[in-house]
Amino acid sequence: MKLALGKPPLPRRLAAAALAACSVMIASAPGPASAAAPTTYPVGDLATSISNFLFSPDAAPGANDWSCRPSADHPHPVVIVHGTTSNLGSAGAMIAPTLANAGYCVYGFNYGETSLTLGHIYGLGEVAESARTMSAFVDRVLAETGAAKVDVVGASQGGMMPNYYIKRLGGAAKVRTMVGLVPTNHGTTMQGLVNIGRSLNVLGLVNDVYRFVGAPTYPEQEEGSDFQKALFADGDTVPGVRYLTIATSHDTTVTPLTNSFLHGGDSTNILLQDLCPDDPVSHSGITLDGPVMQIILNAIGPDEPDFTPNCTGYGPNI
C-alpha cells in the first residue's frame, strides 16, 4: 500500500498534534514562583520632610515594618530618633528609606509629647522621660526582631537624649553604635543668648516660662545646665558602645559646634566640611544631606576607617 507523499500515517499525525498541544500547554503554564522583589522606598527631600511633618508625623517610608527580620549582612536594626520640635515623619524622610533600601530593618518613634505637641511638634518634654520612652521602644524592637542590639541614628536632641538612655537606663547593653547628627550633647549657648541671660540674671525666668508653657527640654539643653552637668559628670561615653558624631560648620543652633562632640572611649568626631568643604547644610537640614547618609551607612556597615563620602546631594542650609 502506498502512502501519499507529504502526509504521514494518521496515528503519526495524531501523535504529532498531541505533542504540539502539550508543548503549547507547557509553554503557557506558570513557572515556579520566584522570590518577591524587595520593596524600594522613595527617598524624600526637604519638601517630603515638610509634608511628613504636617501630614505623616508618625510614619516615614521604610520605617516600622514589624515583619522585617535582620539579615546576616545587617544584623542590627536601626532606630531613628528625631530632634526638638520635630517628629518621625519629618526626621525620617530621607534616613528611613535610605537605610531600608540598603537592607536594614528601620524603626522610629515620637517622644517628648506635651500640651504644645498638637499632634506634630514632639521632643518638648523632659529628657529623662523621653529616654524612658526610647527604652520601651528599643525593647520592643529587640523583642520583635530577635536582635541582640540596635544601632541608633539621632539628630539634635535625638543625638543627645539617647545618651541618657545609654548611661542611666541600661541602654549600654542594647546599643552597638550611637550616631549623633549635630547633637546637643554638651548644650548650646544659642549664639551667646544663654550667656547673656545668665549675666543679666534673667535666664532663670526665661527657663520658668519654657517649663510653664510645656517645653522643659529647652532649659535642659542649655550649655552649663544642671541636667548637662549631671549627665556627663562621669564622662562622655560608656564602654561597649561605638560613638560617631557629625557636626557642620554652618550650625547656628548648637554653638559652639564643638559642644556636639563626645570624648573618650570608642568615639569619633567628624566636622562635615573637613570631608566636603562646599557642603552648605546647617542644623535642621542635616537629616537631608547626601554625604551624611553615606557616612551613616559606612558607620553601621563596613565601618571603613578611611571612608570618605562623595560630595554630592547636599542638604539645605536651614
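Under the annotation held in an unreviewed UniProt entry, the protein chain carries the name Alpha/beta fold hydrolase and is attributed to Actinomadura napierensis.

J.: With reference to specific residues and values, describe helix α4 (residues 127–145).
T.: The first and last C-alpha atoms of α4 sit 27 Å apart over 19 residues, in line with the 27 Å expected at 1.5 Å per residue. Those residues of α4 lying buried are V127, A128, S130, A131, M134, S135, F137, V138, V141, L142 and T145. Structurally, α4 contributes buried residues whose contacts are with β1 (78–81), β2 (106–109), β3 (150–155), α5 (157–168), α8 (217–220) and α9 (226–231).

J.: Lay out unusual backbone geometry with the relevant residues and their values.
T.: Following T255, the chain continues into P256 via a peptide bond in cis, with omega recorded as -10°. Position of P256 among the secondary structure elements: in the loop between β5 (242–247) and β6 (267–271). Of note, the phi angle at L118 is positive, near 55°, even though the residue is not glycine. Mapped onto the secondary structure, L118 falls in the loop between β2 and α4. Despite not being glycine, N201 shows a phi value in the positive range, around 60°. The exposure class of N201 is exposed, given its relative accessible area of 71%.

J.: I'd like a description of the packing of α4 against α5, backed by residues and values.
T.: At a closest axis distance of 8 Å, the pairing of α4 and α5 adopts a crossing angle of 80°. With respect to their mutual orientation, α4 and α5 come out roughly perpendicular. In this structure, α4 uses V127, A128, S130, A131, M134, S135 and V138 to contact α5, whose residues at the interface are Q157, M160, M161, P162, Y164 and Y165.

J.: Explain the environment of P77 residue by residue, including any values.
T.: Checked against the element boundaries, P77 lands in the loop between α2 (46–55) and β1. Here P77 falls in the buried class, since its relative accessible area comes to 0%. Separated by 74 residues in the primary sequence, P77 and D151 place their C-alpha atoms 6.2 Å from one another. In contact with P77, not counting residues within four places along its chain, are P70, C105, Y107, V141, T145, A147, K149, V150 and D151.

J.: Please give an account of the packing of α2 against helix α3 (residues 88–101) that cites residues and values.
T.: For the pair α2 and α3, the least separation of the axes is 7 Å and the interaxial angle reads 150°. Classified by the angle between their axes, α2 and α3 sit roughly antiparallel to one another. α2 and α3 meet at a crossing whose hand is right-handed. Residues T48, S49, N52 and F53 of α2 touch α3, and the partners they reach there are G89, S90 and A93. Grouping the constituent residues of the contact of α2 with α3 by class yields 2 nonpolar, 5 polar and no charged.

J.: Account for the state of the cysteines, with residues named and values stated.
T.: Within this structure, the stated rule accounts for 2 disulfides. The side chain of C68 participates in a disulfide bridge whose partner is C105; the two sulfur atoms lie 2.0 Å from each other. Note on the C68 and C105 pair: the S-S dihedral is about -80°, so by sign convention the disulfide is left-handed. Residue C68 is found in the loop between α2 and β1, and its partner C105 is found in the loop between α3 and β2; the two are separated by 37 residues along the sequence. Just as C68 is buried, C105 falls in that class too. Disulfide pairing is shown between C276 and C311; the S-S distance is 2.2 Å. Given an S-S torsion of about -85°, the disulfide between C276 and C311 has left-handed geometry. Of this pair, C276 sits in the loop between α10 (272–275) and α11 (290–300) while C311 sits in the segment after α11, and the two are 35 residues apart along the sequence. Disulfides within the protein chain link the bonded cysteines, taken in sequence order, as 1-2, 3-4.

J.: Can you explain the pattern of salt bridges? Please cite residues and give values.
T.: In the structure shown here, the tally under the stated rule is 7 salt bridges. D151 serves as the salt-bridge partner of R176, at 2.8 Å between the closest nitrogen and oxygen. With R176 in strand β4 (residues 175–181) and D151 in strand β3, this pair connects stretches of sequence that are 25 residues apart. Across the pair R242 and D303 runs a salt bridge, and its minimum N-O distance is 2.8 Å. In this pair, R242 sits in strand β5 while D303 sits in the segment after α11, placing the two residues 61 residues apart along the sequence.

J.: Describe the side chain of N110, listing the residues and the values that go with them.
T.: By the element assignment, N110 lies in the loop between β2 and α4. For N110, a relative accessible area of 17% corresponds to the buried category. A polar side-chain atom of N110 sits 3.5 Å from a polar atom in the side chain of H82. Looking at N110, its side chain comes within polar contact range of the main-chain nitrogen of L88, at 2.7 Å.

J.: Break down the sheet that holds β5 for me, citing the residues and quoting the values.
T.: Strand order in this open sheet of 6 strands is β2-β1-β3-β4-β5-β6, and the pairing throughout is parallel. Of all the strands in the sheet, just β2 and β6 have a single pairing partner and so form its edges. With direction set aside, neighbouring strand axes in the sheet form an average angle of 15°. Taken together, the 6 bridges between β3 and β4 define a ladder with parallel strand orientation.

Definitions and cut-offs
- Residues numbered from 1 in each chain as written.
- Predicted model: local features only at pLDDT ≥ 70, side-chain atom pairs only at ≥ 80, totals over all residues.
- Heavy atoms only, no water.
- Helix = DSSP H or I, 4+ residues; strand = E, 2+ residues; numbered from the N terminus.
- Expected span 1.5 Å × (residues − 1).
- Buried < 20%, exposed > 50% of the residue type's maximum accessible area, 1.4 Å probe, protein only.
- Contact = heavy atoms within 4.5 Å.
- Axes fitted to C-alpha atoms, helices over the stretch in contact; angles between N-to-C directions.
- Parallel < 35°, antiparallel > 145°, perpendicular 65-115°, else oblique.
- Left-handed = near helix turned anticlockwise from the far one by under 90°.
- Nonpolar A, V, L, I, M, F, W, Y, C, P; charged D, E, K, R; others polar.
- Disulfide = S-S within 2.5 Å.
- Salt bridge = Lys/Arg side-chain N within 4 Å of Asp/Glu carboxyl O.
- Polar contact = N/O pair within 3.5 Å; in protein donor to acceptor, adjacent residues only side chain to side chain.
- Pairing = 2+ DSSP bridges.

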